[in-house]
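Remarks on the overall topology
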Amino acid sequence: MPWRVGPAARRAGQRPDPYKVWLSEIMLQQTTIPHGTRYFLAFTKRWPTVEDLAAATDADVMSAWAGLGYYARARNLLKCARTVVERGGFPENSTELIKLPGIGPYTAGAIAAIAFGERAAAVDGNVERVMARLLADGRDFADVKARVRDVVPEIVPEDRPGEFAEAMMDLGATVCTPKSPNCLICPVSKLCAARAEGDPARYPVKTKKAPKPKRRGAVLIAERGGKVALLRRPDKGLLGGMLALPTTEWADCDPASTALLKQFGASNAERIGEVRHVFTHFELKLEVWRGSASGGQAEWLKPGDVDGLPSVFAKAFRLAYPSKPISER
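Residues numbered from 1 in each chain as written. Predicted model: local features only at pLDDT ≥ 70, side-chain atom pairs only at ≥ 80, totals over all residues. Heavy atoms only, no water.

So, the overall build of the protein
Across its full length, the protein carries 14 helices and six strands. Its C-alpha atoms give the protein principal-axis dimensions of about 70 × 45 × 35 Å. The 329 residues of the protein split such that 47% are buried. Pairs at least 24 residues apart make up 66% of the contacts formed inside the protein by residues separated by at least 6 positions. Within the structure as shown, the protein displays about 16800 Å² of accessible surface, and the carbon and sulfur contribution to it stands at 52%. Counting 48 positive and 37 negative side-chain charges, the protein places the averaged centre of each group 4 Å from the other. (Helix = DSSP H or I, 4+ residues; strand = E, 2+ residues; numbered from the N terminus. Buried < 20%, exposed > 50% of the residue type's maximum accessible area, 1.4 Å probe, protein only. Contact = heavy atoms within 4.5 Å. Areas by Shrake-Rupley, 256 points an atom, 1.4 Å probe, with all protein chains shown as cover. Lys, Arg positive; Asp, Glu negative; His and termini not counted. Charge placed at Lys NZ, Arg CZ, Asp CG, Glu CD.)

Here it is in structure tokens:
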């Protein structure tokens, strides 16, 4: 992984870059490693240091983040970078790191352990699963998590805590996986109570989740003079600060498409299909309309210049321009 420093390099005196450790941890929240790595490489090429990132515009960072989801992370990323630059660098302990924007207990522990060698616990979802199986705790996972947060700090070694943190994460990601744990190659299988019971995959025990609520809306491909309308979403709220297609409110009732079409004077608009997207807390279905606009306040771009839309709007855009390879980055 491009943000890692291997054991041999550590022994030679090389230390992980706190900027890269922090950036990778923020990006990998709710994101797979292959997907997040592409963004990490793009960000560090464009903004090699925290000072470079702090000097970037909000719009550039939000556009580069598009497709990673959970856009509050991008807003906090900038706030954190600017705070770090103002204070002259990253704090070197978890107590101070957790005070920075967008950094919670796990991220603070991971940065402190990996970048600065503090004996700090870094408990993410992979570590929680590993520990639930080692302990064979059959209670609901929500209760087990609290126990894990108490146990892990006790087993972090004084020596090489950063490598311990990375090893625990990797163990959960590659060996002690959710559905098919590979106990035959697990380095701690002899300590695992769940394996001793014979069915480690039954842990952690999770209650069934309630179905996500469904919302509906409409989105408009408004065209004028060979250009398409885009709007900057408010800084606060879902997809805050992102450039997006004009859309109605998303609610649990029929979408108010008429008002949207009227806003842009698109009386001849036609419904060209629909797209679906799953957010953390709800499922969304959007009607997609397309038509010539005679008004409306917006940023007007040529379709070929449109790039980096949030995923839900990129799906709608492709219905109108299927041959345009738009990136969701």
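Structure shown, so let's carry the discussion forward.
Structural notes on the environment of V130
With respect to the secondary-structure elements, V130 resides in helix 9 (residues 125-135). With relative accessibility at 2%, the residue V130 sits in the buried group. Once the C-alpha coordinates of V130 and Y203 are considered, the two residues, 73 residues apart in sequence, prove to be 9.0 Å apart. Contact partners of V130, with chain neighbours within four places excluded, come to M168, L171, G172 and C176.

What about the pattern of salt bridges?
Across all of its chains, the model carries 17 salt bridges by this definition. Between R4 and D170 there is a salt bridge, with the nearest N and O atoms lying 2.9 Å from each other. Taken as a pair, R4 in the segment before helix 1 (7-11) and D170 in helix 11 (residues 161-175) lie far apart in primary sequence, 166 residues in all. For R4, a relative accessible area of 24% corresponds to the partly exposed category. Of the charged contacts, one joins E283 and K214 as a salt bridge, the two residues approaching to 2.9 Å between their closest N and O atoms. Highlighted residues: E283 in strand 5 (residues 283-292) and K214 in strand 1 (residues 214-224), separated in sequence by 69 residues. On the basis of relative accessibility, which here comes to 30%, the residue E283 falls in the partly exposed class. Several salt bridges share partner residues, and in doing so they unite R216, R271, E274, R276 and E287 into one network. (Salt bridge = Lys/Arg side-chain N within 4 Å of Asp/Glu carboxyl O.)

Overview of the side chain of E163
Topologically, E163 is positioned in helix 11. On the basis of relative accessible area, E163 is assigned to the buried category, the value being 15%. Not counting residues within four places of it along the chain, the set of residues in contact with E163 comprises P7 and R10.

Some words on the packing of helix 3 (residues 33-46) against helix 5 (residues 58-65)
Between helix 3 and helix 5, the shortest axis-to-axis distance is 10 Å and the interhelical angle comes to 155 degrees. By the criterion of interaxial angle, the relationship of helix 3 to helix 5 is roughly antiparallel. Both helix 3 and helix 5 take part in a crossing whose hand is right-handed. Contact residues: Y39, F43 and R46 in helix 3; D60, V61, A64 and W65 in helix 5. (Axes fitted to C-alpha atoms, helices over the stretch in contact; angles between N-to-C directions. Parallel < 35°, antiparallel > 145°, perpendicular 65-115°, else oblique. Left-handed = near helix turned anticlockwise from the far one by under 90°.)

Some remarks on the pairing of strand 4 (residues 270-278)
Summarising the sheet, strand 4 and strand 5 pair through eight bridges and their orientation is antiparallel. Following the sheet pairing, R276 is matched in strand 5 by K285. Connecting the antiparallel pair strand 4 and strand 5 is a turn made up of four residues. (Pairing = 2+ DSSP bridges.)

As for the packing of helix 2 (residues 18-27) against helix 3
The interhelical angle for the contact between helix 2 and helix 3, taken along N-to-C directions, is 140 degrees, at an axis separation of 10 Å. As far as their axial angle goes, helix 3 and helix 2 are oblique. Helix 2 and helix 3 meet at a crossing whose hand is right-handed. Note on element contacts: helix 3 touches helix 2 through G36, Y39, F40, F43 and T44, opposite Y19, K20, L23, S24 and M27.

Description of the pairing of strand 2 (residues 227-232)
The side chains of a regular strand alternate, residue by residue, between the two faces of the sheet. Where strand 1 and strand 2 come together, two bridges link them in antiparallel fashion. Its bridge partner being in strand 2, R224 is matched across the sheet by K227. Counting the residues that bridge the hairpin from strand 1 to strand 2 gives two residues, and of these G225 lies at a positive phi of roughly 60 degrees. In terms of strand pairing, strand 2 meets strand 6 (residues 299-301) through three bridges, oriented antiparallel. Within strand 6, the residue paired with L230 across the bridge is E299. Looking at chain direction, strand 2 and strand 3 (residues 243-244) are connected through two bridges and run antiparallel.

Looking at the packing of aromatic side chains
Inspection of the entire model under this criterion finds 11 aromatic pairs. Here Y19 and W22 contribute two aromatic rings whose centre-to-centre distance is 6.0 Å and whose plane-to-plane angle is 40 degrees, an arrangement assigned as tilted. One end of the pair, Y19, and the other, W22, are both in helix 2, three residues apart, so they sit about a helical turn from each other. Take W22: its relative accessible area is 1%, and that puts it in the buried class. The rings of W250, F279, F282 and F313 are connected pair by pair, giving a single aromatic cluster. Positioned above the aromatic ring of W300 is the side chain of R224, whose terminal nitrogen or guanidinium carbon lies 4.0 Å from the ring centre. One Lys or Arg, R290, reaches over the ring of Y321 and ends 5.0 Å from the middle of that ring. (Phe/Tyr/Trp six-rings, centres within 6.5 Å; stacked < 30°, edge-to-face > 60°. Lys NZ or Arg CZ within 6 Å of the ring centre and 35° of its normal.)

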